[in-house]
Amino acid sequence: MSANIAANKVAFRSSKASLPRAFKAVKTTKALKMTKTSAALKVAEALPLELEEGTLPMNTWSPRNALDCKVKSVERIVGPKATGETCHIIINTEGKAPMWEGQSYGVIPPGTKVNSKGKEVALGARLYSIAASRYGDLFDGQTTSLCVRRATYWCPELGAEDPAKKGICSNHLCDCKPGDTVKMTGPTGKILLMPEDPNAVYITVATGTGIAPYRSFWRRMFMERPPNYQFTGLLWVFMGIANTDATLYDDELQDILAAYPDQFRVDYALSREQTNSKGGKMYIQDKVEEYKDQVFDLLDNGAHIYFCGLKGMMPGIEDMLKNVCSEKNLDFDEWLGGLKKNNQYHVEVY
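Since the model is a prediction, treat every value here as computed from it, not as a measurement.

Q: Break down the nonpolar core for me, with residues and values.
A: If you look at the biggest cluster of nonpolar residues, it comprises 41 residues, and the most contacted ones within it are Tyr202, Ile211, Trp218, Met221, Phe222 and Phe264. Contributing elements (two or more residues each) for this core: strand S11 (201–207), helix H3 (212–224), strand S12 (234–241), helix H4 (250–259), strand S13 (264–270) and strand S14 (304–309). The leading source of residues in this core is H3, at seven residues. Filtering out sequence-adjacent residues up to four positions away, Ile211 remains in contact with Ala206, Trp218, Val237, Met239, Leu248 and Tyr249. Counting 30 residues, the second largest nonpolar core, distinct from the first, contains Val205, Met320, Cys325 and Tyr345.

Q: I'd love a proper account of helix H7 (residues 313–327), names of residues and values included.
A: Residue pairs spaced three or four apart in an α-helix point in one direction, given the helix's 3.6 residues per turn. With 15 residues, H7 extends 22 Å between its outermost C-alpha atoms, agreeing within 8% with the 21 Å of an ideal straight helix rising 1.5 Å per residue. Listed as buried for H7 are Met313, Met314, Ile317, Met320, Leu321, Val324 and Cys325. Projected onto a plane normal to the axis of H7, the buried residues spread over an arc of 135 degrees and lie on a single side. Along its buried surface, H7 packs onto S11, helix H5 (284–290), helix H6 (292–300), S14, helix H8 (332–341) and strand S15 (345–349).

Q: Give a detailed account of the pattern of salt bridges, specifying residues and quantitative values.
A: Oppositely charged side chains are able to pair whenever their charged atoms sit close together. One pass over the full model with this rule turns up 15 salt bridges. Among the ionic pairs, Arg150 bridges to Glu85, the shortest N-O distance being 2.8 Å. Taken together, the residues span a long stretch of sequence, with Arg150 in the loop between strand S7 (143–149) and strand S8 (154–155) and Glu85 in the loop between strand S1 (67–76) and strand S2 (86–92) at a distance of 65 residues. With a relative accessible area of 17%, Arg150 lands in the buried category. In this structure, Arg265 engages Asp267 in a salt bridge whose closest nitrogen and oxygen atoms are separated by 2.8 Å.

Q: Tell me about the side chain of Thr93, and name the residues and values.
A: Mapped onto the elements, Thr93 comes out in the loop between S2 and strand S3 (104–108). Excluding residues within four positions of it along the chain, Thr93 makes contact with Leu67, Cys69, Gly141, Gln142, Thr143 and Thr144.

Q: Outline the packing of aromatic side chains, listing residues and values.
A: This structure, assessed with the given rule, holds 17 aromatic pairs. Aromatic pair Tyr214 and Tyr306: ring centres 6.4 Å apart, planes at 75 degrees, arrangement edge-to-face. With Tyr214 in helix H3 and Tyr306 in strand S14, the pair connects residues that are 92 residues apart, well separated along the chain. Just as Tyr214 is buried, Tyr306 falls in that class too. One aromatic cluster is present, built from ring pairs that chain together Tyr202, Tyr214, Phe217, Phe222, Tyr229, Phe231, Tyr260, Phe264 and Tyr306. In this structure, Arg215 is placed above the aromatic ring of Tyr249, and the distance from its NZ or CZ to the ring centre is 4.8 Å. In this structure, Arg220 is placed above the aromatic ring of Tyr229, and the distance from its NZ or CZ to the ring centre is 4.9 Å.

Reading guide: rules and limits
- Residues numbered from 1 in each chain as written.
- Predicted model: local features only at pLDDT ≥ 70, side-chain atom pairs only at ≥ 80, totals over all residues.
- Heavy atoms only, no water.
- Core = buried A, V, L, I, M, F, W, Y, C linked by side-chain atoms within 4.5 Å.
- Buried < 20%, exposed > 50% of the residue type's maximum accessible area, 1.4 Å probe, protein only.
- Helix = DSSP H or I, 4+ residues; strand = E, 2+ residues; numbered from the N terminus.
- Contact = heavy atoms within 4.5 Å.
- Expected span 1.5 Å × (residues − 1).
- Arc of directions from axis to C-beta.
- Salt bridge = Lys/Arg side-chain N within 4 Å of Asp/Glu carboxyl O.
- Phe/Tyr/Trp six-rings, centres within 6.5 Å; stacked < 30°, edge-to-face > 60°.
- Lys NZ or Arg CZ within 6 Å of the ring centre and 35° of its normal.

Given below as structure tokens:
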């Protein structure tokens, strides 16, 4: 074991010891779940290991040459009190769109628009972080998964949702039925790729559906474990959502926590149910700040930190990091520059 990994394990364990509630399961009241795995962690029995070969796939499919795929299933994965509807969508790619964990696919919704030149053209692709590993939910490399929140707009004048302003692509996907066709592009993206080192330490910070790429991480790390990637590092997931009913993939997370308690941790920021140290709402930056010493120790020892979700999360995150740097007599720009130089700082927001 390297000195850095040993130091990280000490920091990770000490953070657990100092905050005994951190590893307790969040009690949920969801009416619907993505999958039932409470008995034991569902792991791959066999994998098409040829997907470990080759170079990073990039833009295999383009808007002019999109891949027609069939929807396998669409399932609501939040409870009745969640703020909005989020669906887990499994799509059959027939293995024609291989990807690496951390990448995104584009989806082209049906319909047209008039461009700036007055010409009617097809709608453009919308990018979605992939919520599955290269092997997919069935471990056979034939499907992929997306985590999609239905975008709606509440009109105060109408006192109702305005259908003219709803998200075209998110509603298209959430309304799909098994057998429907989805046009896909990609994969694309390099920012959120996983380090090759199976001993790496990950601190992953998400708001809402920004959890999608991290699901691809934890499935590869703990549920698939191909021979060339036997994960021995650490994964710490921070998830920011409104309330308990809005938690995503919690069954999988709790099963992994039970199976790998020394390598995995999850902490929730529930803005409508928890309060921060100042008595205000608990946002994602507040939850990370609760563990500032452990987080900074892990980063000092080479950990990678990832941020994914709505772009509005980053100003609060950056302000929090600046304040912590000030407390620790660190120059924020120099500290952040060092993380970026070492490729430890990964941000993809939308």
